[in-house]
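Residue strings, one per chain:
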Amino acid sequence: MKVIDIKNLTKIYNDSEYKVNALNGIDLSFEEGEFAAVVGPSGSGKTTLLNIVGGLDKPSGGEVIIDHTNIGKLKSSRLIDFRLKNIGFVFQAYNLIPVLTARENVEFIMHLQGKPKAEREKRMKDLMSAVGLSDRIDSRPSKLSGGQQQRVAVARALASKPKFILADEPTANLDSKSTENLLDIMEKLNKEENTTFIFSTHDARVVKKARRVITIEDGKVVSDEIRK
Amino acid sequence: MNNLVFAWRNLWRNKRRTTITVTAIVVAVLMSTCMSSMQEGMYSKMIDNVVKFYSGYLQIHHNNYWESKSINDVYKPDETFYAQLDSVRDIVHYVPRVESFSLISTGENTKGGAIIGVDPESEDRLSELSRWIHKGECLKQDDDGILVAVNLAKNLKIDIGDTLILLSQGYHGATAAGLFPVKGILKFPSPDLNNFGAYVDIRKAQDFFSMPGMVTSTAILVNNYSDVVNVKNELVTKLQNSYSIMTWDEMQPEIVQMIEGDRAGAVIMKAVLYIVVGFGILGTIIMMVAERKRESGITVAIGMQKRKLQTVMFYETLYMGFLGVFFGFLLSVPLILILLNNPIPLPGESSEVYEKFGFEPVIYFGAQARVFVNQVITVFAMSLLISLYPIIKIRNLKVANALRA
Ligand SMILES: Nc1ncnc2c1ncn2[C@@H]1O[C@H](COP(=O)(O)OP(=O)(O)OP(=O)(O)O)[C@@H](O)[C@H]1O
Ligand SMILES: [Mg+2]
């Protein structure tokens, strides 16, 4: 089943003195259960692509269709709700709300979704154990290592059972051991929950784990290879 | 997570900054409360001096008297009249008076002045006349003598034991003339009253003006300042338009004006104080919003409606205001209570200036509701205004930009 359909996507940044063509006609689609990496040199448009697919930025042209909805057309508050229901996010660093504990961070989205307490509690516990942090449930982010914070962020992204998860360089700030650990967890959850993961990266070890590798350069897809 | 709890935790992210900001509000509230308390204490004293010690809180006159001030517009209070006054619960005391003008002469010097006929014992309970005896002694019941205000006595160059000749017009054109030995010199805490006139026994005054049993006014003492309007309304109903009933502020509009004017002046000072503190709070809020830009971007990205985020930041601003007011109160209430019971005497030089103008050289404090309520309203209004900043900032937040921050 197709989860995301991207058609002729373009993005031009016009706000500074000179304009930047960050995306130049991207056509891509993602199937349910994919574990895909977006790679490319710095400035190639990875972040821009993920932001637009995640509804965090508006495209200049083309469309992103998710679940029969052209998200570029949604009004801002509807779009926020759409993200809440359908998309999980993991960012590069400092993902978590510092005044909330790990538990509260994971439950945060379910709270916004209005899930009942018992369900929130169970899901949070399951996910925290899946990311191997059952014993750190009540720690605030400042008491967790960068790798642990990223694992909580992954748990949070999954908490709402989204259609797919977008992760923009989730391992960029991690050492190699934490990187591997995080990737293993993502892979495991991808298999167990059949959640689609799309992540961008510079790291060859991360690329190695991906089952699909999309390379972009100058805002264009230059290769799209499926492995295994 | 409850918005209020969320906001509370956000507030204490930077403990030191929040503490400093709240402390600034506390100091402003404290200063402003003390200032208001001092003003209100001064106003009450002023009203007391002129109102309580002279006019009474209310007066009952003949319908034309206030306009004409004529000795012909007088009335004869009878049993039923007094019975009506007695039936009003908040009236503590009332006194009959005969007031008119007269020439006051020593034979050599002559001045014009007010002559006030009072019932000495009864009057003492209202205006505490005996308290202001500077020299000599107070009138007794049916006394033949006269009490003269200090400045008038000075102008006439008289002293205790001298005799004054009073010449005036009595009821319906009768000639009024009489001799009154000076029994005492009065010194009031108000310069106006010291220039004002002379007191005689009411029965002597009624004889002098040929108006036996009649009075120009009945002055009324009520339990509490705030009862005045109620008492007036009750009297209007009971006395059914046969008399004019006036409250102290209707009789003394200058005092009311002066107080209003002074309040307006003080408002400017307090406004400056609060504007300074307001910018302090605004600065804190601006920093709070700026350093949380990326985090705000993340929360909106993962699905928090901007409205909810705005609510949280709105609460944070209000919390700061509330904490400031709360602790400001906590400190100011005991402070004001102490000052209320321990008025501050003015030191040497300034005390002389005060006394020269007839004021007691003491700073009195007040604890009226407005002293406190105004601070709450001000800080609350200020917080509301400042909270517009995060609300607008969040409204204009661009998630993609915030994430790059
Ligand atoms: N807000 C913006 N205004 C103007 N230009 C922008 C803006 N955001 C990104 N760009 C430009 O768009 C292009 C793509 O940027 P993007 O951040 O998507 O690249 P990236 O592949 O994520 O790079 P990196 O690997 O360094 O994260 C770059 O040339 C960048 O300078
Ligand atoms: Mg990037």
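See the structure printed just above.
Residues numbered from 1 in each chain as written. Chains lettered and ligands numbered in written order. Predicted model: local features only at pLDDT ≥ 70, side-chain atom pairs only at ≥ 80, totals over all residues. Heavy atoms only, no water.

So, the packing of aromatic side chains
The description of an aromatic ring pair uses the distance of the two centres, along with the angle that the planes make with each other. Residues and elements named next belong to chain B. A complete count under the given rule lists 18 aromatic pairs over all chains for this structure. Ring geometry for Trp 8 and Tyr 319: centres 5.1 Å apart, planes at 80°, overall edge-to-face. With Trp 8 in helix H1 (residues 3–11) and Tyr 319 in helix H13 (residues 306–341), the pair connects residues that are 311 residues apart, well separated along the chain. Of the residues examined, Trp 8 reaches a relative accessible area of 36% and is grouped as partly exposed. A relative accessible area of 18% places Tyr 319 in the buried class. (Phe/Tyr/Trp six-rings, centres within 6.5 Å; stacked < 30°, edge-to-face > 60°. Helix = DSSP H or I, 4+ residues; strand = E, 2+ residues; numbered from the N terminus. Buried < 20%, exposed > 50% of the residue type's maximum accessible area, 1.4 Å probe, protein only.)

Brief notes about the sheet that holds strand S6 (residues 87–90) of chain A
All names here are of chain A. Spatially, S6-S7-S8-S3-S9-S10 is the arrangement adopted by the 6 strands of the open sheet, whose pairing is mixed. Since the sheet does not close on itself, it has two edges, and those belong to S6 and strand S10 (220–226), each with one partner. Looking at each pair of strands side by side, their axes are set apart by 15° on average, direction ignored. Two elements, strand S9 (residues 212–217) and S10, share 6 bridges in a ladder whose sense is antiparallel. Across the sheet, the residue bridging to Arg 212 is Ile 226, located in S10. (Pairing = 2+ DSSP bridges. Axes fitted to C-alpha atoms, helices over the stretch in contact; angles between N-to-C directions.)

Comments concerning unusual backbone geometry
Residue and element names in this part refer to chain B. Look at Lys 157: it is not a glycine, yet its phi comes out positive at around 55°. Here Lys 157 lies in the loop between helix H6 (150–156) and strand S6 (163–169). Of note, the phi angle at His 172 is positive, near 50°, even though the residue is not glycine. Following the sequence through the fold, His 172 ends up in the loop between S6 and strand S7 (175–186). Owing to a relative accessible area of 59%, His 172 belongs among the exposed residues under this scheme.

Looking at a nonpolar patch on the surface
Together, Phe 326, Phe 327, Leu 330 and Leu 331 of chain B make up an exposed nonpolar region whose accessible area comes to about 400 Å². Along the chain, the position of Phe 326 of chain B falls in helix H13. (Patch = residues over 30% accessible without salt bridge, like charges linked within 9 Å, V, L, I, M, F, W, Y side chains within 5 Å. Areas by Shrake-Rupley, 256 points an atom, 1.4 Å probe, with all protein chains shown as cover. Salt bridge = Lys/Arg side-chain N within 4 Å of Asp/Glu carboxyl O.)

A word on the interface of chain A and chain B
With 28 residues of chain A at the contact, the number on the chain B side is 21 residues. In total, about 2100 Å² of surface goes out of reach between chain A and chain B, with carbon and sulfur atoms giving 62% of it. In this assembly, chain A and chain B are joined by 1 salt bridge. Glu 104 of chain A serves as the salt-bridge partner of Arg 9 of chain B, at 2.7 Å between the closest nitrogen and oxygen. For the pair chain A and chain B, the number of links is 7 residue pairs in polar contact (both at pLDDT 80 or more). The set of elements that each furnish at least two residues to the side of chain A that touches chain B consists of helix H1 (46–53), helix H2 (76–86) and helix H3 (102–113) of chain A. Of the residues in the side of chain A that touches chain B, the class split is 15 nonpolar, 7 polar and 6 charged. (Contact = heavy atoms within 4.5 Å. Buried area = accessible area lost by both parts, 1.4 Å probe. Polar contact = N/O pair within 3.5 Å; in protein donor to acceptor, adjacent residues only side chain to side chain. Nonpolar A, V, L, I, M, F, W, Y, C, P; charged D, E, K, R; others polar.)

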